[in-house]
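# Fold and geometry: a report
What follows is the residue order along each chain.
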Amino acid sequence: MEQLCAICKKQIPTETGRRPGPFCSERCRDIDLGRWASGTYRLPVEEEQSDLDGPNADHDLS
Ligand SMILES: [Zn+2]
């Protein structure tokens, strides 16, 4: 049963294949965690900024 590392795409050795997560080594696992932490993985969400300066942003300038 072959499994490829989610980071470097190398085949995960059988010995380390028991590790939680599809990683060939702890190093790659740390890289994956680092990517999550740094926000490399971003969901394709629509960034709405309508709360910043909308038509209702009335300041007392009159
Ligand atoms: Zn790897």
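Structure's up top.
Counting starts from 1 at the beginning of each chain's written sequence and moves along it residue by residue. Under the rules for a predicted model, residues below a pLDDT of 70 receive no local features and side-chain atom pairs below 80 are neither given nor counted, while totals for whole chains, interfaces and linings still include all residues. For the side-chain quantities, the full set of heavy atoms in the structure was used; hydrogens and water were omitted.

As a further point, take the coordination of the zinc ion. Binding of the zinc ion to the protein goes through Cys 5 (SG), Cys 8 (SG), Cys 24 (SG) and Cys 28 (SG), at separations of 2.3 Å. Coordination at the zinc ion is tetrahedral: its four donor atoms span angles of 105 to 116° at the metal. Any residue under 20% of the maximum accessible area for its type is buried, any over 50% is exposed, and the rest in between are partly exposed; the area is computed with a 1.4 Å probe on protein chains only. Note on Cys 5: relative accessible area 1%, which makes it buried. A relative accessible area of 13% places Cys 24 in the buried class. The donor set covers N, O and S atoms within 2.8 Å of the metal, switching to 3.2 Å for Na, K and Ca, and it leaves out water, so a site may look short of donors. Angle rules define the geometry names used: all angles between 85 and 135 degrees makes four donors tetrahedral, while opposite donors over 155 degrees apart and all other angles between 65 and 115 make four donors square planar and six octahedral, leaving every other case irregular.

Let's shift gears to the environment of Gln 3. The topology assignment puts Gln 3 in the segment before helix 1 (26-38). Residues Gln 3 and Thr 14, 11 residues apart in the sequence, show an inter-C-alpha distance of 9.0 Å. Every helix listed is a DSSP run of H or I at least four residues long, and every strand listed is a run of E at least two residues long, numbered separately from the N terminus.

With that settled, the discussion passes to the pattern of salt bridges. By salt bridge we mean one thing: a side-chain nitrogen of Lys or Arg within 4 Å of a carboxyl oxygen of Asp or Glu. Inspection of the entire model under this criterion finds one salt bridge. A salt bridge links Arg 29 to Glu 26; the shortest N-O distance between them is 3.9 Å. One end of the pair is Arg 29 and the other is Glu 26, both in helix 1 and three residues apart, which spans about a single turn.

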